[in-house]
Amino acid sequence: MKKELHIFFTCLMFYTRIPCPKNINHDPDYLNKATRYFPFIGWIVGSISFLTFYLSSLFLSTETAVLLAIIASILTTGAFHEDGFADVCDGFGGGWTKEKILLIMKDSAIGAYGAIGLVLLFLLKFKLLAESVSLFTNNIFLIFLLFISAHSLSRLAAISIIFTREYSRDDASSKSKPIAKKHSWKEITGSFFFGLIPLLVFSYFQYKFLLAIIPVFIMRYFLARYFQKWIDGYTGDCLGATQQVCEVIYYLSILLIWKFI
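Residues numbered from 1 in each chain as written. Predicted model: local features only at pLDDT ≥ 70, side-chain atom pairs only at ≥ 80, totals over all residues. Heavy atoms only, no water.

S.K.: Could you give an account of the overall build of the protein chain, with specific residues and numbers?
M.R.: Tallying secondary structure elements over the protein chain gives 12 helices and zero strands in all. In sequence order, the protein chain lays out its α and β elements as α-α-α-α-α-α-α-α-α-α-α-α. Over its C-alpha trace the protein chain gives a radius of gyration of 18 Å, about what one expects of a compact globule, namely 18 Å for 261 residues. If you line up the protein chain on its principal axes, its C-alpha atoms span 50 × 45 × 35 Å. Counting every position in the protein chain, which comprises 261 residues, the buried fraction comes to 51%. Put simply, of all contacts in the protein chain between residues at least 6 apart along the chain, 77% involve residues at least 24 apart. Here the protein chain displays about 12400 Å² of accessible surface, and carbon together with sulfur accounts for 67% of that area. Distance between charge centroids for the protein chain: 5 Å, based on 24 positive and 18 negative side chains. (Helix = DSSP H or I, 4+ residues; strand = E, 2+ residues; numbered from the N terminus. Rg over C-alpha atoms; globule rule 2.2 N^0.38 Å. Buried < 20%, exposed > 50% of the residue type's maximum accessible area, 1.4 Å probe, protein only. Contact = heavy atoms within 4.5 Å. Areas by Shrake-Rupley, 256 points an atom, 1.4 Å probe, with all protein chains shown as cover. Lys, Arg positive; Asp, Glu negative; His and termini not counted. Charge placed at Lys NZ, Arg CZ, Asp CG, Glu CD.)

Here it is in structure tokens:
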């Protein structure tokens, strides 16, 4: 139990800005095993985002509450995944070889592709989440499940790439290199358990929402194949971009399923 707590807090420290016990560090072995809890981090981030939305909605408009909820999620993770998305936009937008793409993504400066990508991403996320929330105005628990399932499933889609693809960078200095090692059944089982449970509970109330997993993992498949084509695998930035894109796809899927199925 003590070891599992250490692994969990390692995951929490790496993927969020939430304070952790002082004895927790970025130990490569624990960081590799921490992948099993990555979708569970989605439970935490989603809960914080939902709580911000709920409290804000008591005094402000739904749109403003949604915007504050998105800001809360960004502050909780330190824009970890959004930064990866911006780097992917810059790298794949401005590079035409594997070496050039990886070099651009490693640059801490944001370029035009990254800036434009983030603006469009946030606009789309805000609009889709606001519309999705409006579907459940009379049931706050379903809104809670919407937040949790979006963050957990999108993280499952991202982390599952490491189970099927190879890490692209050769240098060992990358902060994401430790998570790219071989994984046991514990990492795979844990990821899918924490990634799917919120959606399954959500589907208990609206069974058709279970279909949302299909477009999310279709997008995950094409993103992984695209990364493989250009850089022979993935990087930490690719995982962050996958999480962000799949979160948006999830909100879009919920809306389309509600309206047309």
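Here the narrative resumes, following the displayed structure.
S.K.: Tell me about unusual backbone geometry, and name the residues and values.
M.R.: In this structure, Ala-79 takes a positive phi of about 55° despite not being glycine. Note that Ala-79 resides in the loop between α4 (62-77) and α5 (80-94). Of the residues examined, Ala-79 reaches a relative accessible area of 25% and is grouped as partly exposed.

S.K.: I'd love a proper account of the packing of aromatic side chains, names of residues and values included.
M.R.: Summed over all chains, the structure comprises 32 aromatic pairs. Here the aromatic rings of Phe-209 and Trp-258 are separated by 6.1 Å at their centres, their planes lie at 25°, and the arrangement is stacked. A residue pair is termed long-range when its members are at least 10 positions apart, and Phe-209 in the loop between α10 (185-205) and α11 (213-231) and Trp-258 in helix α12 (residues 236-260) qualify at 49 residues. Judged by its relative accessible area of 0%, Phe-209 falls in the buried class. Among the aromatic residues, those joined into a ring-pair cluster are Phe-50, Phe-53, Tyr-54, Phe-141, Phe-144, Phe-147, Tyr-204 and Phe-205. In this arrangement the basic side chain of Lys-208 is found over the ring face of Trp-258, its NZ or CZ atom lying 5.3 Å from the centre. (Phe/Tyr/Trp six-rings, centres within 6.5 Å; stacked < 30°, edge-to-face > 60°. Lys NZ or Arg CZ within 6 Å of the ring centre and 35° of its normal.)

Keep in mind that these numbers describe shape and distance, not what the molecule does.
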